[in-house]
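# Examining the three-dimensional arrangement
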Amino acid sequence: AQSSLTLFGVVDAGVSRYTTKSRSWNGTQQQVTQSQTALSSSGYNSSRIGFRGTEDLGGGLAASFWLEAPVANDSGASGIANFGRRSTLSLSGPFGEVRLGRDYTASFWNDAVFDPFGVNGVGTNLIAVVNSNLAAVRALATGGLLNGGLSAGTDSYLRTSNAISYFLPANLGGFYGQVQYALHENVRDSSAATGSSRRGRYAGARFGWTDGKADVALGYGESTLSSTAPTAEKIKSLNIGASYDLGTVKLFGEWSRVRDVRDGTAPLAARLTDRYDGVVAGVNVPVGAGVIRASYGRVKFDDGNGLPGSDASVNKLALGYVHHLSKRTALYASVARIDIRNGRNNPSVVGVTPLVLSVRAILPQPGYVSTGGLEPRRATGYDVGIRHAF
Amino acid sequence: AQSSLTLFGVVDAGVSRYTTKSRSWNGTQQQVTQSQTALSSSGYNSSRIGFRGTEDLGGGLAASFWLEAPVANDSGASGIANFGRRSTLSLSGPFGEVRLGRDYTASFWNDAVFDPFGVNGVGTNLIAVVNSNLAAVRALATGGLLNGGLSAGTDSYLRTSNAISYFLPANLGGFYGQVQYALHENVRDSSAATGSSRRGRYAGARFGWTDGKADVALGYGESTLSSTAPTAEKIKSLNIGASYDLGTVKLFGEWSRVRDVRDGTAPLAARLTDRYDGVVAGVNVPVGAGVIRASYGRVKFDDGNGLPGSDASVNKLALGYVHHLSKRTALYASVARIDIRNGRNNPSVVGVTPLVLSVRAILPQPGYVSTGGLEPRRATGYDVGIRHAF
Amino acid sequence: AQSSLTLFGVVDAGVSRYTTKSRSWNGTQQQVTQSQTALSSSGYNSSRIGFRGTEDLGGGLAASFWLEAPVANDSGASGIANFGRRSTLSLSGPFGEVRLGRDYTASFWNDAVFDPFGVNGVGTNLIAVVNSNLAAVRALATGGLLNGGLSAGTDSYLRTSNAISYFLPANLGGFYGQVQYALHENVRDSSAATGSSRRGRYAGARFGWTDGKADVALGYGESTLSSTAPTAEKIKSLNIGASYDLGTVKLFGEWSRVRDVRDGTAPLAARLTDRYDGVVAGVNVPVGAGVIRASYGRVKFDDGNGLPGSDASVNKLALGYVHHLSKRTALYASVARIDIRNGRNNPSVVGVTPLVLSVRAILPQPGYVSTGGLEPRRATGYDVGIRHAF
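Because the structure is predicted, anything quoted here is derived from the model rather than measured. Within each chain, residue numbers correspond to sequence positions counted from 1 in written order. Each chain takes a letter, starting from A, and each ligand takes a number, starting from 1, following the order in which they are written. Since the coordinates come from a predicted model, pLDDT governs what is reported: local features require at least 70, and pairs of side-chain atoms require 80 or more to be given and counted, while whole-chain, interface and lining totals use all residues. Computation of side-chain values: all heavy atoms of the structure, hydrogens and water removed.

## Notes on the side chain of Asp303 of chain C
Residues and elements named next belong to chain C. To keep it simple, the criterion reads: Helical segments are the DSSP runs of H or I of at least four residues, strand segments are the runs of E of at least two, and each set is numbered from the N terminus. Whether a residue is buried, partly exposed or exposed follows from its accessible area with a 1.4 Å probe, protein chains only, as a fraction of its type maximum: under 20%, in between, or over 50%, in that order. Note that His is not counted, nor are the chain ends; the positive residues are Lys and Arg, and the negative ones are Asp and Glu. Definition used for salt bridges: Asp or Glu carboxyl oxygen within 4 Å of a side-chain nitrogen of Lys or Arg. Polar contact is the term for a pair of N or O atoms within 3.5 Å; when the atoms are in protein, one must be able to donate a hydrogen and the other to accept it, and sequence-neighboring residues count only if both atoms are side-chain atoms. We call two residues in contact when some of their heavy atoms are within 4.5 Å.
Structurally, Asp303 can be placed in the loop between β15 (290–302) and β16 (312–324). There is no salt bridge for the buried Asp303, and the closest opposite charge comes from Arg262, which lies 6.2 Å off by N-O distance. Of note is the side chain of Asp303, whose polar atom sits 2.7 Å from the backbone nitrogen of Asn305. Setting aside anything within four residues of it in sequence, one finds Asp303 in contact with Thr273, Asp274 and Ser310.

## Remarks on the relation of the copies chain B and chain C
This is how the line gets drawn: A least-squares superposition brings the copies together, and it is based on the C-alpha atoms of residues with pLDDT no lower than 70 in both.
For the pair chain B and chain C, the superposition axis carries a translation of 0.0 Å, the fit reaches an RMSD of 0.0 Å, and the rotation angle comes to 120 degrees. Here the copies are linked by what is in effect a three-fold axis. For chain B, the smallest separation between a C-alpha atom and the rotation axis is recorded for Ala81 of chain B, amounting to 2.5 Å.

## Focus: the interface of chain B and chain A
As a reminder of what qualifies: Note on definitions: buried area is the accessible-area loss of two parts on being combined, 1.4 Å probe, summed for both. Strands qualify as paired when DSSP identifies two bridges or more between them.
Between chain B and chain A, the residue contacts involve 39 residues of the former and 34 residues of the latter. When the two sides are added together, the surface that chain B and chain A hide from each other amounts to roughly 2800 Å², 67% of it contributed by carbon and sulfur. Taken together, chain B and chain A are joined by 14 residue pairs in polar contact (both at pLDDT 80 or more). Elements with a contribution of two residues or more to the side of chain B that touches chain A: β1 (3–24), β2 (31–41), β3 (48–58), β17 (329–341) and β18 (374–389) of chain B. With nine residues, β2 of chain B is the single largest residue contributor to the side of chain B that touches chain A. Here two bridges tie strand β9 (residues 188–189) of chain A to β2 of chain B, and the two strands are oriented antiparallel to one another. Residue pairing across strands places Asp189 of chain A opposite Gln34 of chain B, the latter belonging to β2 of chain B.

## What about the interface of chain B and chain C?
Note the following rule: Throughout this entry, Asp, Glu, Lys and Arg are counted as charged residues, while Ala, Val, Leu, Ile, Met, Phe, Trp, Tyr, Cys and Pro are counted as nonpolar. The remaining residues, Gly among them, count as polar.
Listed as interface residues are 34 residues of chain B and, on the opposing side, 39 residues of chain C. Of all residues in chain B, the largest losses of buried area upon contact with chain C belong to Leu89, Glu185 and Val187 of chain B, amounting jointly to 19% of the total for that side. Between chain B and chain C we count zero salt bridges in total. Run the count over chain B and chain C and you get 14 residue pairs in polar contact (both at pLDDT 80 or more). Residue assignment for the side of chain B that touches chain C shows that the elements contributing at least two residues are β1, β3, β4 (61–70), β5 (86–93), β6 (96–104), β7 (159–167) and β9 (188–189) of chain B. By residue class, the composition of the side of chain B that touches chain C is 18 nonpolar, 11 polar and five charged.

## Considering unusual backbone geometry
Residue Pro267 of chain A is bonded to the preceding Ala266 of chain A through a cis peptide linkage, with omega at 10 degrees. With respect to the helices, strands and loops of the structure, Pro267 of chain A is situated in the loop between β13 (250–264) and β14 (271–287). With phi around 65 degrees, Glu185 of chain C is a residue other than glycine that occupies positive phi space. Tracing the backbone through its elements, the reader meets Glu185 of chain C in the loop between β8 (175–182) and β9 (188–189). Note on Glu185 of chain C: relative accessible area 19%, which makes it buried.

## Some words on the environment of Ala294 of chain C
Residue and element names in this part refer to chain C. One can find Ala294 in strand β15. Residues Ala294 and Ala13 lie 281 residues apart in sequence; the distance between their C-alpha atoms is 21 Å. In contact with Ala294, other than residues within four places in its own chain, are Pro116, Phe117, Ala281, Gly282, Val283, Ala318 and Leu319.

## Some remarks on the relation of the copies chain B and chain A
For the match of chain B to chain A, the screw axis carries a shift of 0.0 Å, the RMSD comes to 0.0 Å, and the turn is 120 degrees. Little of the interface of chain B is mirrored in chain A: 8% of its interface residues are interface residues there too.

## Focus: helix α2 (residues 126–141) of chain B
All names here are of chain B. Operational definition: Multiplying 1.5 Å by the helix residue count minus one yields the expected span of that helix.
Along its 16 residues, α2 runs 22 Å from first to last C-alpha, staying within 8% of the 22 Å computed at 1.5 Å per residue. Across the 16 residues of α2, 14 count as buried, placing the element largely inside the fold. The residue sitting at the N-terminus of α2 and contributing the capping side-chain oxygen is Asn125; that oxygen lies 2.7 Å from the backbone nitrogen of Ile127. Gly143 lies just past α2 and shows a positive phi near 135 degrees.

## Notes on the pattern of salt bridges
According to the stated counting rule, one finds 63 salt bridges over all chains in the structure shown. Here Asp311 of chain B and Arg341 of chain B are joined by a salt bridge, their closest N and O atoms 4.0 Å apart. Of this pair, Asp311 of chain B sits in the loop between β15 (290–302) and β16 (312–324) while Arg341 of chain B sits in strand β17, and the two are 30 residues apart along the sequence. Among the residues examined, Arg341 of chain B registers a relative accessible area of 42% and is labelled partly exposed. Residue Glu68 of chain C is joined to Arg85 of chain C by a salt bridge in which the shortest nitrogen-to-oxygen separation is 2.5 Å. With a gap of 17 residues between them, Glu68 of chain C in strand β4 (residues 61–70) and Arg85 of chain C in the loop between β4 and β5 (86–93) connect regions that are remote in the sequence. Pair check on accessibility: Glu68 of chain C and Arg85 of chain C agree, each one buried.

Following this line, the structure appears as structure tokens:
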């Protein structure tokens, strides 16, 4: 059987500066600014190293594997310590592809592909930042980061371990899609009083259509954080994204509704649903060997308690330029500005920083002070760097 | 000098279910069942990734290295974090091979090669499970897992670090063999009152003969767990295995005697020897592109105290089928059933689960309740999966 | 664009023995000896595995990356867990090279290249051992190992993360050089009372000249350990090294002055400078397919307090032989003897052992007793091993 084995990767390094500002909301004119200059990795593409291969089994059948590790090339601190980016084994054929292992979730994809900045650098899709914050903060609140904190604690949002996925075959006239189920792997004990935990389970699907110019896709996913009395909690994500390539420019757009649904038994509230509604619009403008990128995003938080003045919102504006020295090597520069309204109502989720995850305890970075009458208010960031793929 | 460099590996993924049952032995009719469904790796072959190479130095001399990491492809949790499977440098020639580094122990080999299931999946050689449990439990009881818990805590049984091995050359008319010594590396302090510790030292040997159809080998090894007053402890393993390939079927058999020998100074007992006597028989039946596998194993525990009714025993039955899609890719399914008698006498070692190691604190899995009048009684497991080698 | 991708490495294994002796300095004739026999890695060259590549971008421009992990092949304990040896991305051209990431410091190079033993095995450059001890001990004393303890805690001496380096181009008539700045990456908080910390910052440079036979270079570097009131601390390293290849022998020499400068605010001393003055001389004598290596080193410690009798010193003598079986494979043997005078005045830095770092809490090895009237006095070590590069 014919086969291939490929060693591949990305090394992306740059200099970045991140600034956050908290301000008083109680009338006093106080503010605290935090800033950091860092040698950064992954400002344009995520640094990684991977091994993948495929074997033609005849009859249209193929076996393939994909093992991909994140690389912290700024500090060397992580090598190929884990295959946290992807570690899958697939059997594919005319029927489609069955894929086993760790992979992106079905409901994440639209947050990445329908934004000109994807989820890298200071321009990172605003919806993705809010969703990452929510995933990490609720995992911590309900028993700790899922799957040992791979992918910086965003598991069951960005990626999931122990997944079984089915992908449609390629020849469906532009239609594509996948369904995905990730096992929670908790031990069921017949003597346990509270029932068996399904914490860590993820189920989702994504379907789309493209003709090469237009691309549109719908994603949905449910992540179980708690399933045992007296409380249960799920994060439910629904999103739709589209892009259209006009040749002179490429347009991007996404709408997302993420609900954090908590069910309780008395005296707790029967059901409490926090809602995060987001929209992102962006554009890529090719200019010679380069591309200008711009995006605007907005996410609105509705507190499940429904009290007056309990909502919050975030706006983000990002602008960048990528100059291609070759197909594999590019120089890039990006700037972004984030504005937060009523951040005091939900500082850990809507207190958005220029990075993909704002939770300071997980990813060292400037954060917001949200005590003493202060609330998250504004952040800015820039990246200047070089990306090399191999 | 001619040379080669090879990147190689195995990715094995499947869905497995493990169930254990504890029952009361004091008359009450209580029982507790634990179960787990998991995306599993290594159900047929151990998932791994490695680098190896050899250089022809002329005159029949060669230098070669082998660095091989275990891979948790179900979760991506471990990448190439360690070369815990093997990390050796060899100089070989007409005289044989001198090998330095981390490797399988000489006394382990027979547990793996003379069982149709080897040490993977729910069919794992029963003798190997008992020996793994013993190694981990006694290491924990005498100061913690050896060598930092590589190979899931089975060091000095399954593998050992810091080893110096000598292998016979290949041209001895079918005779083969090795002797192995692993340095304990403890610091000797001239001012220490209790003498110097040799904890972590391993010494063993294995000799065999094969003509291609028949294969028979004898293994022996000693692992030092404690050597300083007031107690000393060694695990001494003796085993003999054989296989015979009749063409239509291949037969396997193994006998093993493992002794846990503890020497004390008064008022402790002068010597106390627990004994684990095991036997395994198995068969491989080729059927077209597939192989049916079956095995039966039994291990009997004799408590060194010699009190009446202090013994225990385990029986295991395993059945499986492997379907080869190509030389490198196979589908497989296995089932196994384990029965334990008098498990209350030694629950941590004879409380065998469907996996290679039953110590729940080290390898997350369903375990046995062995308090409140309950004892390990029965376990079942199955695997359905796909193995791809590259 | 033409490009290359290379997988490379070194596996070096041997048997080593290390002995240290502490003796009483208060008149009693006590002494404590500690010793260890170990399967060692990196006795001649550092065991490693790496990935590097380069892409020709046209116009003399090139992009290149280098990811290199240390390998503990004696135990398999570390695989490619981190790229702690080097992880860089470079853009180079007629102007020279800009390099981003983790790399050797500019001020370390002379300690390695102007000693016949470099910084490997029992013959390791004495100046490097003292400098490694100082870096680790002062990092621990001021808040913990830098950069997570990569390179065994010698960061900001041997290597540094988050560095931006510029290298002169190759065509300057034998002149070469680099300047380097490593970002501290600490968050600046506008509300912090003590100012912003620059701990972890490194700045250095190195310039040299070679005609192929003669080679001479000057290095300087500053590592910031503390910059916030009431104390500030920097380690400032100056060194000059030279080698001359006479054909029949190659001569090596180095002079080094390292200052540990602490500034305080009253009632602390305004400035306190410990000084470590070192000199090393060595020789390589080719003999057929082998090379005899010998070196002598001496480091003198001057306590910043300037009290009478507060100084200390170390002498080291090393002798070795390397036999090349091929360009890539070599057998080697080395012996070394270390003598310490007045070690009680600075046991953690001048208590030198045969390894590159003497701090026992970081690198397990025989150490010195320096309590109860004992002080570090003498150490011996030997290595016998084999090195294979691929």
